[in-house]
Amino acid sequence: ARRPRLLSGIQPTADSFHLGNYLGAVRHWVAMQEDHEAFYCVVDLHAITVAQDPAVLRERTRRAAAQLLALGIDPSRSALFVQSHVPEHAQLAWVLNCITGFGEASRMTQFKDKSLKQGADRASVGLFTYPVLQAADILLYQTDVVPVGEDQRQHLELTRDLAGRFNTSFGPTLRVPAPHIVKDTAKILDLQDPTAKMSKSAQSPAGLVELMEEPNRAAKKFRSAVTDTGREIVFDPEHKPGVSNLLTIHAALSGRSVDDLVAAFDGKGYGDLKKDLAAVFVEFASPIQERVRQYLDDPAQLDKILGEGAVKARAVASATLAAVYDRIGF
Ligand code: ADP
Ligand code: NA
């Protein structure tokens, strides 16, 4: 029996992943490649749904791939590739666009949110059909599971609807993926505003910790993280979101359990936790940053890895697209 197939992607829309990206997504990707046949994709087609500078996009795509490798994506186990290197993504997306209802697409709340931010007239049609491209990403690989956060549930439902609709209209062709909502994924919160999730569009740069930022600078952010006025270190996300967020990050980076940390910091103050977490981050990030630099300093090697990843991906993607084209009469 084959291992269950899994697909996930990340946009090359920043110079560095932030801690939310790592702890909420990439960390799970690394773990899941053990018992899944995984396809991990830097989704540059998705990145151009909003305005992009070509040189910046090219650089960020390479940096994203280098970070995935440095964090533990193993290209001998998983297919690691760049979406635009596999033209079948755009080709299947077109077919799926033609079986997606305009009203159905209009109900996607993420488009509503994103287009509101940009002004409705400036939002591209590409941004509007973004969830359809996402469906193509998933269905091309006859994917069994898609690890996504709660915010992607609606897009995954659309993917399942489109696969079912295609199969009903043209005959069984596309595997309908099971939703795999990653529930144990705590949202990583902004260090300066623990009511908001950590995001690349953070209000204050001090609230956002990037994987690639200078370790001492990041350490300073942990030491000045916003907490409440209490003293006791307890895990209580509802009433003490700031402290709980620091415990969550510490546990993930140090490999210790939250309970163990709470016990270890019994009788100590928030300052002790922050200082310790700062040191834990430096120890975690320094070797990863070194490995990212090694990948970026050897462009031929990175090209080779991504080239091999695209070959692996295309072997599956081209078979799916051929079946789809045949079904629809091409
Ligand atoms: P951002 O919110 O900074 O724009 P993205 O939307 O590009 O980040 O997220 C890429 C991946 O990282 C997604 O799988 C998303 O669920 C995850 N992610 C982003 N921010 C966080 C966070 N604060 N906590 C947990 N996971 C996150
Ligand atoms: Na986002």
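Structure: see above.
This report concerns the structure included in the present document. None of the values given here were measured: they were computed from a predicted structure.

**Some thoughts on helix H13 (residues 270-296)**
Its 27 residues place the ends of H13 38 Å apart at the C-alpha level, agreeing with the 39 Å of an ideal helix rising 1.5 Å per residue. At Ala-285, H13 is deflected by roughly 25°, the largest bend along its length, and proline Pro-287 occurs up to four residues later in sequence. Listed as buried for H13 are Tyr-270, Leu-273, Lys-274, Leu-277, Ala-278, Val-280, Phe-281, Phe-284, Ala-285, Ile-288, Gln-289 and Val-292.

**Notes on the site of ligand 1**
Around ligand 1, a shell composed of His-18, Gly-20, Asn-21, Gly-24, Ala-25, Lys-187, Ile-188, Lys-197, Met-198, Ser-199 and Lys-200 is seen. Interatomic distance of 2.7 Å between a side-chain N/O atom of His-18 and an oxygen atom of ligand 1. Within the contact set of ligand 1, a nitrogen atom lies 2.9 Å away from a backbone nitrogen or oxygen of Met-198. In the complex, the protein chains occlude 77% of the 540 Å² of accessible area that ligand 1 would expose alone.

**Concerning helix H1 (residues 19-32)**
Given 3.6 residues per helical turn, the α-helix brings residues three or four places apart onto the same face. The end-to-end C-alpha distance of H1, which contains 14 residues, comes to 19 Å, matching closely the 20 Å that a straight helix rising 1.5 Å per residue would cover. Its axis deflected by about 35° at Val-26, H1 carries its strongest bend there.

**Here's the deal with the pattern of salt bridges**
The tally for this structure, following the rule as stated, stands at 15 salt bridges. The salt bridge partner of Glu-37 is Arg-5, with a shortest N-O separation of 3.2 Å. One end of the pair, Glu-37, is in strand S2 (residues 37-42); the other, Arg-5, is in strand S1 (residues 5-10), and 32 residues separate them in sequence. Accessibility expressed as a relative area gives 12% for Arg-5, which makes it buried. Between Arg-256 and Asp-260 there is a salt bridge, and its shortest N-O distance comes to 3.2 Å. The network of salt bridges with shared partners includes Arg-2, Asp-144 and Arg-175.

What counts as what
Residues numbered from 1 in each chain as written. Chains lettered and ligands numbered in written order. Predicted model: local features only at pLDDT ≥ 70, side-chain atom pairs only at ≥ 80, totals over all residues. Heavy atoms only, no water. Helix = DSSP H or I, 4+ residues; strand = E, 2+ residues; numbered from the N terminus. Expected span 1.5 Å × (residues − 1). Bend = angle between axes of the 7 residues up to and from the residue. Buried < 20%, exposed > 50% of the residue type's maximum accessible area, 1.4 Å probe, protein only. Near = heavy atom within 4 Å. Polar contact = N/O pair within 3.5 Å; in protein donor to acceptor, adjacent residues only side chain to side chain. Areas by Shrake-Rupley, 256 points an atom, 1.4 Å probe, with all protein chains shown as cover. Salt bridge = Lys/Arg side-chain N within 4 Å of Asp/Glu carboxyl O.

Purely geometric numbers; function is a separate question.
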